[in-house]
Structures are given as C-alpha cells and as structure tokens.
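Reading the structure
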Amino acid sequence: MTNIATSRLAAPLTKALAGLFGPGPVALHEPLFAGRERDYVRECIDTGWVSSVGPFVDRFERYLATYTGARYAVAVVNGTAALHVALLLAGVRPDDEVLVPALTFIATANAVSYCGATPHFVDSDPHLPAIDVEALAAYLGDIAEIGPDGCRNRHSGARIAAIVPVHIFGHVVAIDRLIELATRYKIAVVEDAAEAIGSRFQDRHAGTFGRLGTLSFNGNKTITTGGGGAILTDDDALAKRARHLTTTAKVPHAWEFIHDEIGYNYRLPNLNAALGCAQLEQLDGFIARKRGLAARYAHALGGLAGVTLIAEPAACRSNYWLQALLLDRELAGERNAILRATNEAGYMTRSLWRPMHRLPMYAACPRMPLPAAEDFERRLINLPSGPGLIHG
C-alpha cells in the first residue's frame, strides 16, 4: 500500500487545493443559502403551513416543471422515494429485473428492491462513469429475448421491466442511444437524475427523456430542500397516480379517511418546499459558479501529470455537481494516500461508491462483466465542489 510519504501526487494535489481555496476546512459540497430562504421558511412558521400541504409545495412543483420542461413535477420526501414510486409507476413488479449501473449510489439499487424486484447490474462507459450503451447492447443481444409480455432474461426467466440510467456527477449519459436501445427491447426507462438538476442533453433537461425521471434535493445536491426529491413526467395519468400513491393513497374527502390501496407517506412538507423555492430562484447562478469551478480546476491541475478531470461529454451541458479526478491506472495504488493527505489537510475529498455487486446484499444479483465500473472505483476521487467555493 502506498503511504503519504511515497505518494507522488498527494503533496502537489494538496498544494493545488490550498492555492485554490486557502487553508481548510473545505467541505465536499456545502449548501449555499444566499436568497430568500429565511423569508420563505419564516412564512411557513408564521402561517402554520409546515406539513405536506401548503402553497410552497404547489409553487415548488410549478417551478420545477417550468425549469425542467416536464409537464408535471411531483415533490416527495427524498430522491429514493421518488425513484421507488417512479419504478412502480413504470410497471416494475415483484420478481422482475431492473437494469441499473453497478456504479451508483446505493439508493438506485435499493429502490428496485423496495419494489420486490432484482437489480441487474450493467457496466460503465470506459471514459465516463455512466452506462456503456454499446456494451449493454451487445450484452442484451446475448441474454435478452422479447416476448408478448416484454423483455425477458433467457437465463433467469425473469422479465427485464426497466432500466435506470444514472446521470452521475451531473453528466448526462448518452440518453438518445439508450432510449433507442430500451425501445428496441421494450424496456421502460426511468431516469435517475438525482445529481443532475440543471444538466441538459441537446438542450433538453435530464430526467425528461424516459417515461419518468427523478431528482434529489438532499443537503449535498446543487439545490437543497434539506431532504427532498421529485418525480418528473409528461404523462397525465402517471402524474395523477404519483400524487395519489405518495399521499398514502388517500381518497379526497372533507372529513373521512378512505384509502383505496397501499400508498406511501412520501409527500414533501411545505417547510422543505419553501427552502426549495428560494434555492430554485438561484439555481442558474449556482450552476454558473460550479461550471466556473470546473474551469478553475482544469487550470490549476492541467499541469499535474498522472491525473485527468472528468469533463462533460459531447452534447451535454453539465451542472458539474461533483468535480471528479481520475488517476492514471499505474497510479491507482496512490488513491488512499491522496485521500488521507487531502482530508488531513482540511480538504474533503472522497472515493467513489463501492460498486453495487461488491456489497453483501447485492453480491448474488445478475450482472454483465463490469471491468470499467471496477476500474473507475479504483481510480476516481471527488474534489470539493460546492457552489459557494467561488463567486459566479
């Protein structure tokens, strides 16, 4: 194992971070509250509208729909809840399989499990930690067969009901080619755009290409509601059903409590939506700051041999949610030494998520060969990325 003293990159990277930000501590992604957050939250407190009904919930949903270009946005308590309900709405049933990246935050796989379905892990593009559409096409050609009820895995016999592309770090996957592939195999597309608010592909917002898409507004996202998420769709019936399921499947009535199916207590509280409205008003400025930070990293680290910054792919305009540094393969053994040195100096860096197939509860799940995902996990480091680190 490489220690800090023998790491070639630990000291120069730490020095570069100090040159960019001054002395630590510097958080990985700290929220920025520079607008009307206090005013809107105070209004909730003053009026008593703090729970899952209130004017800010409606306003937040309208703002989201307008900003993303989706016909409907349904606000919920977090991104995982959004993905869970979106998968149910897409028709995922117990014992189905759902194609998900092996390289993602665990919520993606967990939401599949909540439906009683099985995650089926797919590999990353060698140049970007997102689904490798070409490799997936070849894989489906080997294992998939199309029947009257859709696509089935000829090895397990399970229906492959959906695919969940994840727009990792805000960089939109090659969604046009993925939609084409999914259509060919009759597989529903549910986009996990948890990290991609404000990111676009060919001038269309992430999360609006599939039948449904989802967003997250956790405290570490580009905008935050403290905890929160949203379901995006253009389908009238799906939006109506999303609202019903996420409001405990309660039938509207002046005083009676009538529920017509198993629902979920997933609606976003008005208090959180108030915070979100103020954050949305600043979103374009936040993205400008984060894209400016990406440019500053490119300048500061451009002369550092052995590393490459992950950049937005062609046709994508990314929010650069998290800046990502990729070590050359021969330097992968330095990753932990770099993480230790930078964190000890007060600059919060982190490794990538452990691939899903290497977690005990998902180790037995079906998967295609995953060389790129495993390679990224060994070599990628996330750098401080908050919108408050530089001015726009």
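The sections below set out a description of the structure shown in this document. Given the structure is predicted, the values throughout are model-derived calculations rather than measurements. (Residues numbered from 1 in each chain as written. Predicted model: local features only at pLDDT ≥ 70, side-chain atom pairs only at ≥ 80, totals over all residues. Heavy atoms only, no water.)

1. Quick word on the overall build of the protein chain
In plain terms, the rule: Here a helix means four or more residues in a row that DSSP labels H or I, a strand means two or more in a row labelled E, and each is numbered from the N terminus. We compute the radius of gyration from the C-alpha atoms alone; for a globule the expected value is 2.2 Å times N to the 0.38, where N is the number of residues. The rule is simple: take the accessible area with a 1.4 Å probe, protein chains only, and divide by the maximum for that residue type; under 20% is buried, over 50% is exposed, in between is partly exposed. Pairs of residues are marked as contacts when any of their non-hydrogen atoms sit within 4.5 Å. Shrake-Rupley sampling with a 1.4 Å probe provides the accessible areas, and residues are treated as covered by the protein chains on show and by no other component.
Summing up its helical and strand segments, the protein chain has 12 helices and 20 strands in all. What you see for the protein chain is a C-alpha radius of gyration of 21 Å, in line with the 21 Å of a compact globule of 392 residues. Projected onto its principal axes, the C-alpha positions of the protein chain cover 70 × 60 × 35 Å. Residue burial in the protein chain is summarised as follows: out of 392 residues, 56% are buried. Considering only residue pairs separated by 6 or more positions, the protein chain has 72% of its internal contacts joining residues 24 or more positions apart. For the protein chain, the exposed area adds up to about 16,400 Å²; of that, 53% sits on carbon and sulfur atoms.

2. Notes on the sheet that holds strand 10 (residues 200-201)
Threshold: For two strands to pair, DSSP has to find at least two bridges joining them.
Taken in spatial order, the 3 strands line up as 11-10-17 in an open sheet, and their pairing is antiparallel. Every interior strand has two partners, whereas the edge strands, strand 11 (204-205) and strand 17 (316-317), have only one. Sheet topology places strand 10 next to strand 17; 2 bridges connect them, and they run antiparallel. Pairing of Phe201 across the sheet is with Cys316, part of strand 17.

3. Focus on the layout of surface pockets
Stated formally: The distinction between a cavity and a pocket rests on a 1 Å grid over the protein atoms alone: a 1.4 Å probe fits inside a cavity but cannot get out, while a pocket stays open yet meets protein on both sides within 12 Å along at least five of seven lines, and a residue with an atom within 4 Å of a point counts as lining. Grid points are joined across faces, edges and corners, and a volume is the space filled by probe spheres set on the points.
Roughly 360 Å³ of volume is contained in the largest pocket. If you go around the largest pocket, you meet 22 residues; those closest to its centre are Phe105, Ala107, Ala194, Ser216 and Lys221. Elements that contribute at least two residues to the lining of the largest pocket include exactly helix 4 (79-89), helix 5 (106-114) and strand 12 (212-216). When residues of the lining of the largest pocket are assigned to their parent elements, the largest contribution, 3 residues, is made by helix 4.

4. Remarks on the packing of helix 1 (residues 10-21) against helix 10 (residues 283-301)
When two helices pack together, their arrangement is given by the angle between the helix axes and the distance between those axes. Where we set the bar: Orientation is described by axes fitted as lines to C-alpha atoms, over the contacting stretch for helices, and by angles from 0 to 180 degrees between their N-to-C directions. Geometric relationships in this document are graded by angle, where less than 35 degrees denotes roughly parallel, more than 145 denotes roughly antiparallel, 65 to 115 denotes roughly perpendicular, and other angles denote oblique. The handedness criterion is simple: a crossing whose near helix is rotated anticlockwise from the far helix by less than a right angle is left-handed, and one whose near helix is rotated clockwise is right-handed. Throughout, the ten residues Ala, Val, Leu, Ile, Met, Phe, Trp, Tyr, Cys and Pro are labelled nonpolar, Asp, Glu, Lys and Arg are labelled charged, and all others, Gly among them, are labelled polar.
Close contact between helix 1 and helix 10 brings their axes to 10 Å; oriented N to C, the two are set at 135 degrees. In terms of orientation, helix 1 and helix 10 fall into the oblique class. When the axes of helix 1 and helix 10 are compared, the crossing they make is right-handed. Where helix 1 abuts helix 10, its residues Leu13, Ala16, Leu17, Leu20 and Phe21 lie against Leu293, Arg296, Tyr297, Ala300 and Leu301. Considering only residue class, the contact of helix 1 with helix 10 consists of 9 nonpolar, no polar and 1 charged.

5. Quick look at the pairing of strand 12
A large share of strand 12 lies buried, amounting to 5 of its 5 residues. Residues Leu212, Thr214 and Ser216 line one face of strand 12 and the alternating positions Gly213 and Leu215 line the opposite face, and both faces are buried. Direction of pairing for strand 9 (residues 188-192) relative to strand 12: parallel, over a ladder of 3 bridges. Bridge pairing links Val190 to Leu212 in strand 12. In this structure, strand 12 lies alongside strand 13 (residues 229-233), joined through 4 bridges in antiparallel fashion. In the sheet register, Gly213 faces strand 13, and the bridge partner there is Leu232.

6. Focus on a nonpolar patch on the surface
We apply this condition: A patch consists of residues whose relative accessible area exceeds 30% and which take part in no salt bridge; residues with like charges are grouped when within 9 Å of each other, and nonpolar side chains (Val, Leu, Ile, Met, Phe, Trp, Tyr) when within 5 Å. Only one rule defines a salt bridge in this text: a Lys or Arg side-chain nitrogen within 4 Å of an Asp or Glu carboxyl oxygen.
On the surface, Ile45, Val50 and Leu271 cluster together into a nonpolar patch covering about 240 Å² of accessible area. Locating Val50 in the fold gives a position in the loop between helix 2 (37-47) and helix 3 (55-68). On the basis of relative accessibility, which here comes to 38%, the residue Val50 falls in the partly exposed class.

7. Notes on the nonpolar core
Which entries qualify depends on this criterion: What is meant by a nonpolar core is a set of buried Ala, Val, Leu, Ile, Met, Phe, Trp, Tyr and Cys residues, joined one to another through side-chain atoms within 4.5 Å.
Counting 109 residues, the largest nonpolar core has Leu87, Leu136 and Leu140 as the members making the most contacts within it. Here this core takes 7 residues from helix 4, the largest share from any one element. Those residues in contact with Leu87 that lie beyond four places of it in its chain are Val92, Val98, Ala111, Val112, Cys115, Ala162, Val164 and Val190. Ranked by size, the runner-up nonpolar core spans 23 residues in total, among them Leu9, Ala10, Leu325 and Ile338.

8. Regarding the packing of aromatic side chains
Put simply, the rule reads: Geometry of aromatic contacts follows a simple scheme: Phe, Tyr and Trp rings, the Trp one being its six-membered ring, pair when their centres are within 6.5 Å, and the pair is stacked under 30 degrees between planes, edge-to-face over 60, tilted otherwise. Two limits define a charge over a ring: the Lys NZ or Arg CZ must be within 6 Å of the ring centre, and within 35 degrees of the ring normal.
Applying the stated rule across the entire model yields 7 aromatic pairs. Look at Phe121 and Tyr362: their rings are 6.1 Å apart centre to centre, the planes differ by 80 degrees, and that puts the pair in the edge-to-face class. Linking Phe121 in strand 3 (residues 118-122) with Tyr362 in the loop between strand 19 (350-351) and helix 12 (371-379), this pair joins segments that are 241 residues apart in sequence. By relative accessible area, Phe121 is classed as buried at 0%. If you follow Arg204 out to its NZ or CZ, it ends over the ring of Phe209, 4.5 Å from the centre.

9. Remarks on unusual backbone geometry
Where the residue is not glycine, phi is negative for most of them; where a peptide bond is considered, it is trans in most cases. Geometrically, the link from Gly24 to Pro25 is a cis peptide bond, its omega value of 10 degrees lying close to zero. Along the polypeptide, Pro25 turns up in the loop between helix 1 and helix 2. You will see that Asp203, though not glycine, has its phi angle at about 65 degrees, which is positive. Its identity is not glycine, yet Ala315 carries a phi of approximately 75 degrees, on the positive side. Counting through the fold element by element, Ala315 comes out in the loop between strand 16 (307-309) and strand 17.

10. Regarding the sheet that holds strand 13
Reading across from one edge, 1-13-12-9-8-2-3 is the order of the 7 strands in this open sheet, with mixed pairing throughout. Every other strand in the sheet has two partners, leaving strand 1 (72-76) and strand 3 as the edge strands with one partner each. This sheet shows a mean twist of 25 degrees between the axes of neighbouring strands, independent of strand direction. In the sheet, strand 8 (residues 160-163) pairs with strand 9 via 2 bridges, with the strands oriented parallel. Paired with Ile163 across the bridge in strand 9 is Val189. Each of strand 1, strand 12 and strand 13 touches helix 3; the most contacted strand, strand 1, lies at about 135 degrees to it.

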